[in-house]
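Summary of the model geometry
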Amino acid sequence: MAGLKIKKDDTVQVLTGKDRGKDGVVSRVLPTQGKVIVDGLNVAKKHQRATRATMQGGIIDKDMPIPVANVAVICPSGNHVTRVGYKVDTDGTKTRVCKKCGGDLS
Ligand SMILES: [Zn+2]
């Protein structure tokens, strides 16, 4: 399977669900699941049981993975939502580009 078009540290906007319209920075990419984890988005409250290690239980916030199909990259050059394209240089180097303005996303 080819790598995902979205990379860690990309700024993305959520297209569907309860966080629709919100944006955040990708903190982790899960290529095998086709999902990304975005800082502070798609947060689930998890009940954590007290353990000997932590000595306290309670509710913790956990960022849940979001399918890449549900997010769009925000182009840093124009601050617009876009799709990721690829440009192949003459030497074979592939760079990620914004499909809207052609700006470099790498
Ligand atoms: Zn752009």
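Further up the page is the structure itself.
Residues numbered from 1 in each chain as written. Predicted model: local features only at pLDDT ≥ 70, side-chain atom pairs only at ≥ 80, totals over all residues. Heavy atoms only, no water.

This paragraph deals with the overall build of the protein chain. For the protein chain, the helix and strand inventory stands at zero helices and ten strands. Listing each helix as α and each strand as β along the protein chain from the N terminus yields β-β-β-β-β-β-β-β-β-β. In terms of overall dimensions, the protein chain is more spread out than a globule: its C-alpha atoms have a radius of gyration of 17 Å, far above the 13 Å expected for 106 residues. Its C-alpha atoms give the protein chain principal-axis dimensions of roughly 60 × 30 × 20 Å. Looking at the protein chain as a whole, 27% of its 106 residues qualify as buried. If you take every contact in the protein chain between residues at least 6 apart in sequence, the share linking residues at least 24 apart comes to 37%. With an accessible surface of roughly 7,200 Å², the protein chain has 50% of that area assigned to carbon and sulfur atoms. Between the mean site of the 19 positive side-chain charges and the mean site of the 10 negative ones, the protein chain shows a separation of 8 Å. (Helix = DSSP H or I, 4+ residues; strand = E, 2+ residues; numbered from the N terminus. Rg over C-alpha atoms; globule rule 2.2 N^0.38 Å. Buried < 20%, exposed > 50% of the residue type's maximum accessible area, 1.4 Å probe, protein only. Contact = heavy atoms within 4.5 Å. Areas by Shrake-Rupley, 256 points an atom, 1.4 Å probe, with all protein chains shown as cover. Lys, Arg positive; Asp, Glu negative; His and termini not counted. Charge placed at Lys NZ, Arg CZ, Asp CG, Glu CD.)

Right, let's get into the pattern of salt bridges. Opposite charge on two side chains permits pairing when their charged atoms draw close. Counting across every chain of the model gives four salt bridges. Where Asp9 meets Lys8, a salt bridge forms, and the shortest distance between an N and an O atom there is 3.7 Å. Each member of the pair Asp9 and Lys8 is classed as exposed. As a salt-bridge pair, Arg96 and Asp10 come within 3.0 Å of each other at their nearest N and O atoms. Placement of Arg96 in strand β10 (residues 94-98) and of Asp10 in the segment before β1 (11-14) is noted, with a sequence separation of 86 residues between them. (Salt bridge = Lys/Arg side-chain N within 4 Å of Asp/Glu carboxyl O.)

Now for the sheet that holds strand β8 (residues 80-82). Overall, antiparallel pairing links the six strands, which are arranged β6-β3-β2-β1-β7-β8 in an open sheet. Looking at which strands have only one partner, the edges of the open sheet turn out to be β6 (66-67) and β8. Direction of pairing for strand β3 (residues 35-38) relative to β6: antiparallel, over a ladder of two bridges. Looking across to β6, one finds that Val36 is bridged to Ile66. (Pairing = 2+ DSSP bridges.)

Attention now moves to the environment of Arg20. Locating Arg20 in the fold gives a position in the loop between β1 and β2 (23-30). Classification of Arg20 by relative accessible area gives exposed; the value is 64%. It is 28 Å that separates the C-alpha atoms of Arg20 and Gly58, two residues lying 38 residues apart in sequence. If we ignore the near neighbours within four places in the chain, the residues touching Arg20 are Val14 and Leu15.

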